[in-house]
Amino acid sequence: MSVWLRQNRGFLLFLLGFAFFRAAVADWNPIPSGSMRPTIVEGDVVLVDRLAYDFKVPFTDLSLVRLGDPERGDVVTFTSPKDGTRLIKRLVAVAGDVVEMRDERLIINGAVAEYSDSVSGQERTAYGFAVRSVQETERIAGNKRTVQYLPEVSALRSFGPLVVPENSYFFLGDNRDDSADSRYIGVIPRQRLIGRAHHVLVSADIKGSWLPRFERFGERIR
């Protein structure tokens, strides 16, 4: 055994360094669901900056150094307080914000989001059924993104007002009617944040042909 360790020391050190890099510096995250459509779609693999907010002890939630503060509009990976699942959602409200929604219209600190560029289409659900979809450009708190609604799907379209507690964050999926986000699992404490997603690394059509979607390679997440 000791001979094998000596002969493979370089490779083992590489594996340890690689594991540390993924656990503490940068990571990639496969996307299995459509909760962030149309920004991120099933089959995307996104790059995650683990040093965007905190430097943590690898494989733990213990922060050693606070490096930055999450901002409204960031797309963030975090562990769910409900079951520990890794999720990726849009940060819409930070500590101290008053957040609410009325008939799909997002309201932050009394300011109602502006909506434009409405486009209708069809979306296939996880059960294989095609339902009507509506995509709109949402502008609020200095941020702009495309969000999607599924009018025929049962969803929580109104809530709040809710004051986001200290050191906590409120997240929504861009696919508003098909996302298990803070409406259902509550606000997310800072220690559960993993990092900020910033680019699509690679992508494949996992719901269809499994062919690569080259047009999505390297696409910036906005």
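For the structure itself, consult the block above.
Residues numbered from 1 in each chain as written. Predicted model: local features only at pLDDT ≥ 70, side-chain atom pairs only at ≥ 80, totals over all residues. Heavy atoms only, no water.

Asker: An account of the packing of aromatic side chains is needed here, citing residue identities and associated values.
Answerer: On inspection of all chains with the given rule, the structure shows three aromatic pairs. Just above the ring of Tyr115 sits the side chain of Arg105; from NZ or CZ to the centre is 4.1 Å. (Phe/Tyr/Trp six-rings, centres within 6.5 Å; stacked < 30°, edge-to-face > 60°. Lys NZ or Arg CZ within 6 Å of the ring centre and 35° of its normal.)

Asker: Got a sec to walk through the nonpolar core? Specific residues and values, please.
Answerer: Ranked by size, the top nonpolar core spans 16 residues in total, and within it Ala93, Val99, Leu106 and Phe170 carry the most contacts. If you list the elements that add at least two residues to this core, you get strand 6 (86–93), strand 7 (98–102), strand 8 (105–108), strand 11 (130–140), strand 12 (143–149) and strand 14 (168–172). In contact with Val99, not counting residues within four places along its chain, are Ala93, Leu106, Ile107, Ile108, Phe159, Gly160, Pro161, Leu162, Val164 and Phe170. If you look at the next biggest cluster of nonpolar residues, it comprises twelve residues, including Leu91, Phe171, Ile185 and Ile188. (Core = buried A, V, L, I, M, F, W, Y, C linked by side-chain atoms within 4.5 Å. Buried < 20%, exposed > 50% of the residue type's maximum accessible area, 1.4 Å probe, protein only. Helix = DSSP H or I, 4+ residues; strand = E, 2+ residues; numbered from the N terminus. Contact = heavy atoms within 4.5 Å.)

Asker: Give me empty space enclosed by the protein: which residues, what numbers.
Answerer: Scanning the model with the defined rule gives one cavity of 30 Å³ or more in all. Of the voids in this model, the largest cavity is the one considered here, and its volume is about 40 Å³. As for the largest cavity, its lining consists of Arg50, Tyr53, Asp54, Lys56, Leu193, Ile194 and Gly195. Those elements giving two or more residues to the lining of the largest cavity turn out to be strand 3 (54–56) and strand 16 (193–203). Classifying every residue of the lining of the largest cavity gives three nonpolar, one polar and three charged. (1 Å grid on protein atoms, 1.4 Å probe; cavity = no way out; pocket = protein on both sides within 12 Å on 5 of 7 lines; lining within 4 Å. Points joined across faces, edges and corners; volume = space filled by probe spheres on them. Nonpolar A, V, L, I, M, F, W, Y, C, P; charged D, E, K, R; others polar.)

Asker: Explain the sheet that holds strand 7 residue by residue, including any values.
Answerer: Here we have four strands laid out as an open sheet, ordered 9-8-7-13, and antiparallel in their pairing. Edge positions in the sheet fall to strand 9 (111–112) and strand 13 (159–163), since each has one partner strand and no second. For strand 7 and strand 8, the ladder comprises four bridges, and the chain directions are antiparallel. Following the sheet pairing, Met101 is matched in strand 8 by Leu106. (Pairing = 2+ DSSP bridges.)

Asker: Before we move on, can you summarise the sheet that holds strand 10 (residues 114–124) with the specific residues and values?
Answerer: Taken in spatial order, the three strands line up as 10-11-12 in an open sheet, and their pairing is antiparallel. Edge positions in the sheet fall to strand 10 and strand 12, since each of these pairs with one other strand and no more. Strand-to-strand, the axes of this sheet are offset by a mean angle of 20 degrees, without reference to chain direction. (Axes fitted to C-alpha atoms, helices over the stretch in contact; angles between N-to-C directions.)

Asker: Give me the pattern of salt bridges: which residues, what numbers.
Answerer: A full pass over the atoms with the stated rule returns 19 salt bridges. Asp44 is paired through a salt bridge with Arg213; the nearest N and O atoms lie 3.7 Å apart. Separated by 169 residues along the polypeptide, Asp44 in strand 2 (residues 44–49) and Arg213 in the segment after strand 16 bring together distant segments of the chain. Comparing Asp44 with Arg213, the two get one shared label, buried. Glu138 is the partner of Arg145 in a salt bridge, and the nearest nitrogen-oxygen pair spans 2.9 Å. (Salt bridge = Lys/Arg side-chain N within 4 Å of Asp/Glu carboxyl O.)

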